[in-house]
Amino acid sequence: MQIETAWVKPPLQVGGLDHLAVQAPCINIYGRMLPGITNVTDRARYYSFYPWLIWSFDKAGYHEFDDSFVERFRRADCLFCLIAQRHAAVCGGDADDHAAAMVGSDTLAAVARSLGDEGAIRLSDFSLREGATKRYFANKLGGLGQYYLGVLRELSILDGDSSSGVRYTRQVGAVIAERMDFSVDGQLFMSVVDADLVTASQLDELSSFCPCQLCSSPGEQEILSELFFVKNGFDESEALPRRRSLQLILHLAALLCANDAELSETHFRACTYAGSLPDGAPWDIPRSLSTTRERWAIYARNELLSLAVQGLFFALLDAYEASAIRLDASADIADWFIEQPEVSEALDVLGAETTFSQCVSDSQSWLPELTGWQKPMHEVQLTERIATLTRARKSADSRKDIVEVALRTLIALASRNNSTERQYADLVFEEDYFGYYPINLESFARHSSGNWAPSKLRDVLRWLLINWGLEMHLRVALRKLRGQSQSTFRIRPSDRGMEVIAIPPAVHTRPRFNQAVRVLKDIGALERSAAGWQPSAFGKEQLELADAP
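Keep in mind the model is a prediction, meaning the values are calculated, not measured. (Residues numbered from 1 in each chain as written. Predicted model: local features only at pLDDT ≥ 70, side-chain atom pairs only at ≥ 80, totals over all residues. Heavy atoms only, no water.)

## Topic: the overall build of the chain
So, step 1. When helices and strands are tallied, the chain shows 24 helices and 10 strands.
So, step 2. Here the C-alpha atoms of the chain give a radius of gyration of 27 Å, agreeing with the 24 Å that 2.2 N^0.38 yields for 549 residues.
So, step 3. Once the C-alpha set of the chain is aligned to its principal axes, its extents read approximately 75 × 75 × 45 Å.
So, step 4. A burial count over the chain gives 55% of its 549 residues as buried.
So, step 5. In the chain, once contacts between residues fewer than 6 apart in sequence are set aside, the share between residues at least 24 apart is 72%.
So, step 6. Surface summary for the chain: the accessible area is close to 23800 Å², and the carbon and sulfur share equals 47%. (Helix = DSSP H or I, 4+ residues; strand = E, 2+ residues; numbered from the N terminus. Rg over C-alpha atoms; globule rule 2.2 N^0.38 Å. Buried < 20%, exposed > 50% of the residue type's maximum accessible area, 1.4 Å probe, protein only. Contact = heavy atoms within 4.5 Å. Areas by Shrake-Rupley, 256 points an atom, 1.4 Å probe, with all protein chains shown as cover.)

## A word on the side chain of Ser225
So, step 1. With respect to the helices and strands, Ser225 occurs in helix α11 (residues 218-228).
So, step 2. Here Ser225 is in contact with Val230, Lys231, Ile523 and Phe538, once residues within four sequence places are set aside.

## Observations regarding the pattern of salt bridges
So, step 1. For the structure shown, the criterion picks out 28 salt bridges.
So, step 2. For Asp67, the salt bridge is made with Arg129, and the minimal N-O distance between the two is 3.6 Å. Of this pair, Asp67 sits in helix α3 (residues 67-91) while Arg129 is found in the loop between α6 (124-127) and α7 (142-154), placing the two residues 62 residues apart along the sequence.
So, step 3. Looking at Arg129, the relative accessible area reads 32%, which means it is partly exposed.
So, step 4. Here Arg72 and Asp194 are joined by a salt bridge, their closest N and O atoms 3.0 Å apart. With a gap of 122 residues between them, Arg72 in helix α3 and Asp194 in helix α9 (residues 186-195) connect regions that are remote in the sequence.
So, step 5. What makes Asp194 partly exposed here is its relative accessible area of 40%. (Salt bridge = Lys/Arg side-chain N within 4 Å of Asp/Glu carboxyl O.)

## With respect to the nonpolar core
So, step 1. Formed by 180 residues in total, the largest nonpolar core has its most connected members in Tyr47, Tyr50, Trp52, Leu79, Leu158, Phe189 and Phe228.
So, step 2. When neighbours within four sequence positions are excluded, Leu79 is seen to be in contact with Leu123, Phe189, Val192, Val193, Val198, Leu203 and Leu206. (Core = buried A, V, L, I, M, F, W, Y, C linked by side-chain atoms within 4.5 Å.)

## Some points on the pairing of strand β3 (residues 158-161)
So, step 1. Strand direction decides the pairing type here: β3 and strand β4 (residues 165-168), joined by 4 bridges, are antiparallel. Bridge assignment links Asp161 to a residue of β4, and that residue is Gly165.
So, step 2. Where β3 hands over to β4, the hairpin turn is made up of 3 residues, counted between the paired strands. (Pairing = 2+ DSSP bridges.)

## Some details on the packing of helix α12 (residues 240-258) against helix α23 (residues 513-522)
So, step 1. The interhelical angle for the contact between α12 and α23, taken along N-to-C directions, is 80°, at an axis separation of 11 Å. If you check the angle between α12 and α23, you find them roughly perpendicular. Along its contact with α12, which presents Leu246, Ile249 and Leu250, the element α23 presents Phe513, Ala516, Val517 and Leu520.
So, step 2. Residues that form the contact of α12 with α23 fall into these classes: 7 nonpolar, no polar and no charged. (Axes fitted to C-alpha atoms, helices over the stretch in contact; angles between N-to-C directions. Parallel < 35°, antiparallel > 145°, perpendicular 65-115°, else oblique. Nonpolar A, V, L, I, M, F, W, Y, C, P; charged D, E, K, R; others polar.)

## With respect to empty space enclosed by the protein
So, step 1. The full count for this structure, using the stated rule, is 2 cavities of 30 Å³ or more.
So, step 2. Taken as a whole, the largest cavity spans an internal volume of roughly 90 Å³.
So, step 3. For the largest cavity, the full set of lining residues is Thr266, Arg269, Ala270, Tyr273, Ala300, Glu303, Leu304, Val380, Thr383, Glu384 and His508.
So, step 4. Those elements that provide at least two residues to the lining of the largest cavity are α13 (265-274), α14 (287-323) and α18 (379-389).
So, step 5. By residue number, the principal contributor to the lining of the largest cavity is α13, which donates 4 residues.
So, step 6. Partitioning the lining of the largest cavity into residue classes produces 5 nonpolar, 3 polar and 3 charged.
So, step 7. Taken as a whole, the second largest cavity holds about 50 Å³ of empty space.
So, step 8. For the lining of the second largest cavity, the element with the highest residue contribution is helix α22 (residues 457-484), accounting for 5 residues.
So, step 9. Partitioning the lining of the second largest cavity into residue classes produces 9 nonpolar, 1 polar and no charged. (1 Å grid on protein atoms, 1.4 Å probe; cavity = no way out; pocket = protein on both sides within 12 Å on 5 of 7 lines; lining within 4 Å. Points joined across faces, edges and corners; volume = space filled by probe spheres on them.)

## Section: the layout of surface pockets
So, step 1. Put simply, the largest pocket is a space of about 480 Å³.
So, step 2. Considering the residues around the largest pocket, the lining is formed by 24 residues, among which Leu17, Asp18, His19, Gln23 and Ile27 are closest to the centre.
So, step 3. Looking at the lining of the largest pocket, the elements with two or more residues in it are α1 (24-33), α14 and α22.
So, step 4. The space that makes up the second largest pocket amounts to roughly 380 Å³.
So, step 5. Around the second largest pocket, the lining is made up of 15 residues, and of these Ile298, Arg301, Asn417, Glu421 and Gln423 lie nearest the centre.
So, step 6. Looking at the lining of the second largest pocket, the element that brings in the most residues is α14, giving 5 residues.
So, step 7. Considering only residue class, the lining of the second largest pocket consists of 6 nonpolar, 3 polar and 6 charged.

In structure tokens form, the structure reads like this:
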């Protein structure tokens, strides 16, 4: 018998995300609430610049999607960023208004600042995919290929891909391109791209391309506002949640500004969850936006559950790694962890031998009202503490605090919950969705009113560490290994017992809020005031939009 042998390459070890599959429902919800905006589509003007660029190339006779086209495209992408960086340097003020999240900024910001009044830049020194002095971006089609193409296709602005070529659509892309072309010096821009050289004075002449100038391009501003607020030719029912979410942000911005509070992702999550403002006052929401607020509240509630579970997983891995012991089974590790002094102390604070249902009843003595989310014992503040502690210096005291705070969060969520109601309200998930993501609000409601209720808190913690901690992580990591041939194990079996690979901190999901706010600023719906960001007159007009009857 002939036998062949070969080395088997181990799977690539990567960091991975969502190690307990607990963030997936959150991501699913915010994806529905802000369609057409993603966590990497930060600037509104890229929604018009990219179709304008492809349209301009087409007008200039560059029809073939070849290496020459790609290199010209990359020079243009580079130039767009340089214009914004130069405008930021010349105008002063808040540089974010001009150059925040511009593609290639990490490389080109210093280049633009060092240009002076008489300098010049060869674009290919940064745009060439091979041979550049310092390449501005790795993706073949720069920011379009890396960030914006999927969304622009989804919105029917562009079509195609980075292999076969990218085209603007005549019914949408061409219209947006023409609106932008009316307010910029397209001829100078294209001549600079073709010359592969731009001077400081030319960058200044091209300042109308800076994202901060979008509001000075009325036709472009109008069509982008129609796009984002789902008006006129963009009024598709699937996109309406985007309009309502943007309106909700505008409404909250006005109230926060009036109370000298920051318009931030943290405040957005807390205010939507509790239905109240930072001072505890009720958030009086228009009836047309009440359902939108309630859906974002469900997202925020799922987020709190996520932070609590992640916190327990962090504390367990941290203690196990620090001990240098090696055990073979998840149950053995959980049993060992529960006996540690810091865990015993955390359980004693809440009552290790007290049933979970009694802990929920007892929470009336320490749990603030839902609207009082600024108070230290509110679940909003408890989970923020978890996120902070998992990034701080590791210690037994820190683990004690994490375990206590995570359990308090779960008790608080159970205390506020009506287990007979649909936990996701009118949000419908595909069949078997929760089979892939077992840690969710529905399963939490079942367990908290079912098998956890008569169990001692100590036993509930053990169950969580095993079933929603170690075993869940192994299941998720094995699924990713099978599907993606990548190893995302943070703890894994070995011939020396279970060994820790890395300890992931507890992290929030990013619900596209910052990108949505940047879009609102770019199109002029939010304006800066002495107290903060507030709806402009244009923004107030968008707030008054009503859904078609």
